[in-house]
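Descriptive analysis of the structure
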Amino acid sequence: MPNRGHRIPKPYDARLVEQALAIQDVDPRDAHSLGYTARILTIATLPHREQHGDLYERTNGGYRLVVQALPGAGLPFGSYPRLLLSWLSTEIVRTRQRELELGGSMAQFLDRLGLARSGGRASRTSEGRARSAGTIWRLRRQIASLFGARFVLHHVTKTSESVEILPVGDSIQLWRDEAVSGFPSTLRVSEPFFEHVLRGPVPVDLRALQAIKRSPLALDLYTWLTHRHFVQQNGGRAATSIAWSALQGQFGTDYPLDSRGRADFKKAFFLAYRRVQLVYPAARIDDTGDALAVLPSRPHVKPRRTASAV
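Residues numbered from 1 in each chain as written. Predicted model: local features only at pLDDT ≥ 70, side-chain atom pairs only at ≥ 80, totals over all residues. Heavy atoms only, no water.

A few points about the overall build of the protein
The line we're drawing: Think of it this way: any DSSP run of H or I at least four residues long counts as a helix, any run of E at least two long counts as a strand, and we number them from the N terminus. Throughout, a contact is declared for two residues whenever any of their heavy atoms are within 4.5 Å. Each accessible area value is a Shrake-Rupley result obtained with a 1.4 Å probe; residue values ignore everything except the protein chains displayed when judging cover.
Helix and strand content of the protein: 10 helices and 14 strands. If you take every contact in the protein between residues at least 6 apart in sequence, the share linking residues at least 24 apart comes to 68%. Summing over all exposed atoms, the protein offers an accessible surface of approximately 15,900 Å²; the carbon and sulfur share of this is 51%.

A look at the confidence of the model for the protein
Reading fine detail from the predicted coordinates is not recommended where pLDDT is low. Put simply, the rule is: A residue's pLDDT is the confidence the predictor assigns to it, expressed on a 0 to 100 scale.
When pLDDT is averaged along the protein, the result is 84, and 85% of the positions lie at 70 or above. This model gives residues 1-11 a pLDDT under 50, and the stretch forms 20 contacts once residues within four places in sequence are excluded.

Here we look at unusual backbone geometry
How we decide: Burial classification: accessible surface area is computed with a 1.4 Å probe over protein chains only, and a residue below 20% of its type maximum counts as buried, one above 50% as exposed, and the rest as partly exposed.
If you check the backbone angles, His32 has positive phi at about 55 degrees while not being a glycine. One can find His32 in the loop between helix H1 (14-25) and strand E1 (34-37). Looking at His32, the relative accessible area reads 74%, which means it is exposed. One non-glycine residue, Arg96, lies in the positive phi region at around 55 degrees. Relative to the elements of secondary structure, Arg96 occurs in the loop between helix H3 (79-95) and strand E4 (99-103).

Let's talk about the packing of aromatic side chains
As a reminder, the rule being used: Note on ring pairs: Phe, Tyr and Trp rings are taken, using the six-membered ring of Trp, and paired if centres are within 6.5 Å. Classes follow the plane angle, with under 30 degrees stacked, over 60 edge-to-face and the rest tilted.
For the structure shown, the criterion picks out 11 aromatic pairs. With a centroid separation of 5.4 Å and an interplanar angle of 85 degrees, the aromatic rings of Trp224 and Phe251 are classed as edge-to-face. Within this pair, whereas Trp224 is found in helix H8 (residues 216-235), its partner Phe251 is found in the loop between helix H9 (244-250) and helix H10 (259-279), the two being separated by 27 residues in sequence. Look at Phe270 and Tyr273: their rings are 6.1 Å apart centre to centre, the planes differ by 85 degrees, and that puts the pair in the edge-to-face class. Residue Phe270 and its partner Tyr273 are both found in helix H10; the two are separated by three residues, about one turn of the helix. Its relative accessible area of 1% is what places Phe270 among the buried residues. Using a relative accessible area of 2% as the deciding quantity, one classes Tyr273 as buried. Here the aromatic cluster, defined as three or more aromatic residues joined through ring pairs, consists of Trp224, Trp244, Phe251, Tyr255, Phe265, Phe269, Phe270 and Tyr273.

Overview of the pattern of salt bridges
Convention followed: Salt bridges are counted wherever a side-chain nitrogen of Lys or Arg sits within 4 Å of a carboxyl oxygen of Asp or Glu.
Taken as a whole and judged by the stated rule, the model has 11 salt bridges. We note a salt bridge from Arg141 to Glu50, for which the minimum N-O separation is 2.6 Å. Here the residue Arg141 occupies a position in helix H5 (residues 135-148), and Glu50 occupies one in the loop between helix H2 (40-43) and strand E2 (55-60), the gap between them amounting to 91 residues. Several salt bridges converge on common partners, so that one network encompasses Arg98, Glu99, Asp170 and Arg188.

Quick notes on the sheet that holds E2
What counts is decided by this rule: By the convention used here, strands pair only if DSSP detects at least 2 bridges between them. Structural elements are reduced to axes, namely lines fitted to C-alpha atoms, with helices fitted over the stretch in contact, and the angle between N-to-C directions of any two is expressed from 0 to 180 degrees.
Within the open sheet, the four strands sit side by side as E2-E3-E7-E8. Their pairing is antiparallel. Edge positions in the sheet fall to E2 and strand E8 (161-167), since each of these pairs with one other strand and no more. Each neighbouring strand pair of the sheet contributes to a mean axis angle of 15 degrees, computed without reference to strand direction. Both strand E3 (residues 63-68) and strand E7 (residues 150-156) contribute to a ladder of six bridges, which runs antiparallel. Residue Leu65 lies in a different strand from E7, and its bridge partner there is Leu153.

Describing H5
Each α-helix turn comprises 3.6 residues. Residues three or four places apart therefore point the same way. Just so we agree on the cut-off: The span expected for a helix works out to 1.5 Å for each residue beyond the first.
Along its 14 residues, H5 runs 20 Å from first to last C-alpha, staying within 8% of the 20 Å computed at 1.5 Å per residue. Residues of H5 that are buried include every one of Thr135, Ile136, Leu139, Gln142, Ile143, Ser145, Leu146 and Phe147, and no others. Along its buried surface, H5 packs onto H3, E4, helix H4 (106-113), E7, strand E9 (169-173) and strand E10 (185-189).

Examining the packing of H1 against H10
Any two packed helices are characterised by how steeply their axes cross, that is the angle between the axes, and by the distance between the axes. Applied cut-off: We call two directions roughly parallel when the angle between them is under 35 degrees, roughly antiparallel when it is over 145, roughly perpendicular when it lies between 65 and 115, and oblique otherwise. Basically, the charged four are Asp, Glu, Lys and Arg, the nonpolar ten are Ala, Val, Leu, Ile, Met, Phe, Trp, Tyr, Cys and Pro, and anything else, Gly included, counts as polar.
Two elements in contact, H1 and H10, have axes separated by 7 Å at closest approach and are oriented at 50 degrees. In terms of axis orientation, H1 runs oblique to H10. On the side of H1, the interface is formed by Leu16, Ala20, Ile23 and Gln24, while H10 contributes Arg275, Leu278 and Val279. Its residues assigned to classes, the contact of H1 with H10 comprises five nonpolar, one polar and one charged.

In structure tokens form, the structure reads like this:
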């Protein structure tokens, strides 16, 4: 069923197309790019842009995600905390350890995340033009924001109510500068976050995250869709219809809750979906007007076959 009024665009650039073709040709397990992310990111999402204040909320049905920032550190936002949470989840699943090493320098850790190296804070040129902050400074800031924040997941059903408090880490020790030292930076994830990840890690293709990392909404949509399709496939479910008002409440986007805001949100949503389709062409959705239909599709990361299925 086609997406009404939303055509798949021409490729954004040759690099993205090349990455997309490589993803389709080689299974993530064979490419050593099987990764994971935390299930909490499929329930509700982090801010896409910098936020004022120290409190942030999103809703998804009976779920409510509250993010409380460390005063002065700011709320985590953008692509970096999403990539960080995926890296943490992947390492937790891989090592089954709470103590993790980031590497010998910030530059090394940027390489692990697939981010280009550049330094310096935001500033202005002699002509008065704005100069954006480098990746090293931005990543350091987002690490501090993420590890200083506390996630609270509130869930209400007809028969029960639960609250899950998820600080990401117990402690972190970062490099003093960008030079490689003899002592790698280390972190210790909190026991609640560790257990949350292991209870239901969401499989992702790390190459896909790298290809679409410039768009926080595309990262959110990719993770959400592959998780939804996995649930549909395992449960034998047909298409699921979700109201656009609910989707706007779930995803971390700053659009007014009126007709113009809804239209702008849908436009941004489908722009992100076009990026996702380049790396995950099997993902199928349909705009039915007031709702989005998530059509049965295979998950991006195929479940591992059991011996009896071979």
